[in-house]
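Structural overview for review
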Amino acid sequence: MATLTETSSHTTLIVGAHGTVGSALSPLLTARGHRIRRATSRTPQAADDVHLNLLIGEGLSTALTGVDHAFLMAPPGHLNQDVLLAPVIDAARAQGVTRVVLMSAMGANADEQAPLRKAERHLQASGLAWNVIRPNWFMQNFNTFWLQGIRQQGQIFLPVGQARGSFIDARDIAAVAATLLTTDTHADAEFDLTGAEALDHDQVAAILSTVTGRTIGYTDVTPDAMRPGLLAAGLPADYAEFLLTILGYFKAGYAERTTDAVQRITGRAPIGFEEYARDYRESWA
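Now for a description of the structure that goes with this document. (Residues numbered from 1 in each chain as written. Predicted model: local features only at pLDDT ≥ 70, side-chain atom pairs only at ≥ 80, totals over all residues. Heavy atoms only, no water.)

**Quick word on the overall build of the chain**
Scanning the chain from N- to C-terminus turns up 11 helices and 9 strands. In terms of overall dimensions, the chain is globule-like: its C-alpha atoms have a radius of gyration of 19 Å, near the 19 Å expected for 285 residues. Seen along its three principal axes, the alpha-carbon backbone of the chain occupies a region of about 50 × 40 × 35 Å. Counted over contacts in the chain with a minimum sequence separation of 6, partners at least 24 positions apart contribute 77%. Summed over its atoms, the accessible surface of the chain is roughly 12,700 Å², and 52% of this surface lies on carbon and sulfur atoms. With 22 positive and 29 negative side-chain charges, the chain shows a spacing of 3 Å between the two charge centroids. (Helix = DSSP H or I, 4+ residues; strand = E, 2+ residues; numbered from the N terminus. Rg over C-alpha atoms; globule rule 2.2 N^0.38 Å. Contact = heavy atoms within 4.5 Å. Areas by Shrake-Rupley, 256 points an atom, 1.4 Å probe, with all protein chains shown as cover. Lys, Arg positive; Asp, Glu negative; His and termini not counted. Charge placed at Lys NZ, Arg CZ, Asp CG, Glu CD.)

Okay, structure coming up:
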């Protein structure tokens, strides 16, 4: 099996470097001898930070200069992912980047007209060495997006009925991305990433209760009941509707499927929900 040379001569741009996946990916690549360039839309704070605002294309040329590999994702909260990502892919090719890993979302390939699917297709047709990874719903949503209800009311409030999801730990997504960025073994392939088991939200609540020593439950709410909270949290109206739509897909059972991609790519089993809950226990204190 051919393997890319893992030396400090490789520079990898991480878009979303300070987010849930990117912050886990950076140390993995550093440990493999890669120099990291962390893209941020804010004022750079560290020596390896570089300003990049995908919404207006600001900083794109500078961010990609001298870059060998790149990890791409669309900025959260925006639905025109193809419009935002296509210029990055084109600039990466023009600047001599040799490998791109794009984080999409599980289910994006169900509709060829979906913006994320268009972004995937743009990368696949670019001539770059590529991978597309489509993670299922993150375990880390429970210590971020769904945190307020758990902390304040001891409840997970979601409109998903008793459907199950094969939640994935963001650290597994990062581990997959790190392998794909540093080896040739799985070049030019796409992967749906999931955890090893599918859980409903009553099961999730029971695990959180056991780990935290709190009584945490799950309440099935309607989309109309959830909408005001999303808007109050600052989500744009169109993105709030998109989120409610994909939660509807969850309720319909589309998030239940499991794959063995994490095992095949990293050589180890995915992190289980109980391990995730133990590691993030202080979040729900």
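**Quick look at the side chain of Asn-143**
Looking at the element boundaries, Asn-143 is found in the loop between β6 (129–135) and α5 (147–153). Its relative accessible area of 13% is what places Asn-143 among the buried residues. For Asn-143, the side chain forms a polar contact with the side chain of Tyr-276, separated by 2.7 Å. Sequence-distant contacts of Asn-143, that is, excluding residues within four places in its chain, are made with Tyr-276, Tyr-280, Ser-283 and Trp-284. (Buried < 20%, exposed > 50% of the residue type's maximum accessible area, 1.4 Å probe, protein only. Polar contact = N/O pair within 3.5 Å; in protein donor to acceptor, adjacent residues only side chain to side chain.)

**Let's talk about empty space enclosed by the protein**
Summed over all chains, the structure comprises 1 cavity of 30 Å³ or more. Size it by volume and the largest cavity reaches roughly 40 Å³. Taken together, Trp-137, Phe-142, Trp-146, Leu-158, Val-160, Phe-167, His-201, Leu-247 and Phe-250 make up the full set of residues lining the largest cavity. By residue class, the composition of the lining of the largest cavity is 8 nonpolar, 1 polar and no charged. (1 Å grid on protein atoms, 1.4 Å probe; cavity = no way out; pocket = protein on both sides within 12 Å on 5 of 7 lines; lining within 4 Å. Points joined across faces, edges and corners; volume = space filled by probe spheres on them. Nonpolar A, V, L, I, M, F, W, Y, C, P; charged D, E, K, R; others polar.)

**Let's talk about the sheet that holds strand β2 (residues 35–40)**
Within the open sheet, the 7 strands sit side by side as β3-β2-β1-β4-β5-β6-β8. Their pairing is parallel. Only two strands of the sheet have a single partner each, and these edge strands are β3 (49–51) and β8 (189–193). Along the sheet, successive strands turn relative to each other by an average axial angle of 20 degrees, direction set aside. Across 3 bridges, strand β1 (residues 11–14) lies against strand β4 (residues 69–72) in parallel orientation. Bridge assignment links Ile-14 to a residue of β4, and that residue is Phe-71. Running at roughly 160 degrees to β6, helix α4 (residues 115–124) makes contact with β5 (99–103), β6 and β8 of the sheet. (Pairing = 2+ DSSP bridges. Axes fitted to C-alpha atoms, helices over the stretch in contact; angles between N-to-C directions.)

**Notes on helix α9 (residues 237–251)**
Between its terminal C-alpha atoms α9 stretches 21 Å, which fits the 21 Å expected from 15 residues at 1.5 Å a residue. Along α9, the residues that are buried comprise Tyr-239, Ala-240, Leu-243, Leu-244, Leu-247 and Phe-250. For α9, the angular spread of buried residues about the axis comes to 140 degrees, placing them on one side. Looking one or two residues past α9, Gly-253 carries a phi angle of roughly 100 degrees, positive in sign. (Expected span 1.5 Å × (residues − 1). Arc of directions from axis to C-beta.)

**Some points on the pairing of β2**
Side chains on a regular strand alternate between the two faces of the sheet. The pairing of β1 with β2 spans 4 bridges and is classified as parallel. Looking across to β2, one finds that Thr-11 is bridged to Arg-35. The parallel pair β1 and β2, bridged by helix α1 (residues 22–31), forms a crossover whose chirality is right-handed. The sheet contact formed by β2 and β3 spans 3 bridges and is parallel. Across the sheet, Ala-39 pairs through a bridge with Val-50, a residue of β3. (Right-handed = clockwise from strand over helix to strand, strands pointing away.)

**Here we look at the nonpolar core**
Counting residues in each nonpolar core, the largest one holds 53 residues, and the members touching the most others are Leu-13, Leu-25, Phe-71, Leu-72, Ile-133 and Leu-193. Setting aside residues up to four positions removed in sequence, Ile-133 forms contacts with Phe-71, Val-101, Leu-102, Met-103, Ser-104, Ala-105, Ile-173, Val-176, Ala-177, Leu-180, Phe-191 and Leu-193. In terms of nonpolar packing, the next biggest core, distinct from the first, is built from 32 residues, Trp-137, Trp-146, Ile-156 and Phe-273 among them. (Core = buried A, V, L, I, M, F, W, Y, C linked by side-chain atoms within 4.5 Å.)

**What about unusual backbone geometry?**
Residue Asp-188 is not a glycine yet carries a positive backbone phi of 55 degrees. In this structure, Asp-188 sits in the loop between α6 (170–182) and β8. For Asp-188, a relative accessible area of 43% corresponds to the partly exposed category.

**What to know about the packing of aromatic side chains**
Considering all chains together, one arrives at 11 aromatic pairs under this definition. Between the aromatic rings of Tyr-276 and Tyr-280, the centroid separation amounts to 4.9 Å while the plane-to-plane angle is 40 degrees, which identifies the pairing as tilted. Both rings, one in Tyr-276 and one in Trp-284, keep their centres 5.7 Å apart while their planes meet at 75 degrees; by these two values the pair is edge-to-face. Here Tyr-276 and Trp-284 have matching classes, each one buried. (Phe/Tyr/Trp six-rings, centres within 6.5 Å; stacked < 30°, edge-to-face > 60°.)

**Some thoughts on the packing of helix α8 (residues 223–232) against α9**
Look at α8 against α9: their axes get within 10 Å of each other, and the N-to-C directions meet at 140 degrees. The pairing of α8 with α9 is recorded here as oblique in orientation. As α8 packs across α9, the resulting crossing turns out to be right-handed. In this structure, α8 uses Pro-223, Met-226, Arg-227, Leu-230 and Leu-231 to contact α9, whose residues at the interface are Ala-237, Ala-240, Glu-241, Leu-243, Leu-244 and Leu-247. (Parallel < 35°, antiparallel > 145°, perpendicular 65-115°, else oblique. Left-handed = near helix turned anticlockwise from the far one by under 90°.)

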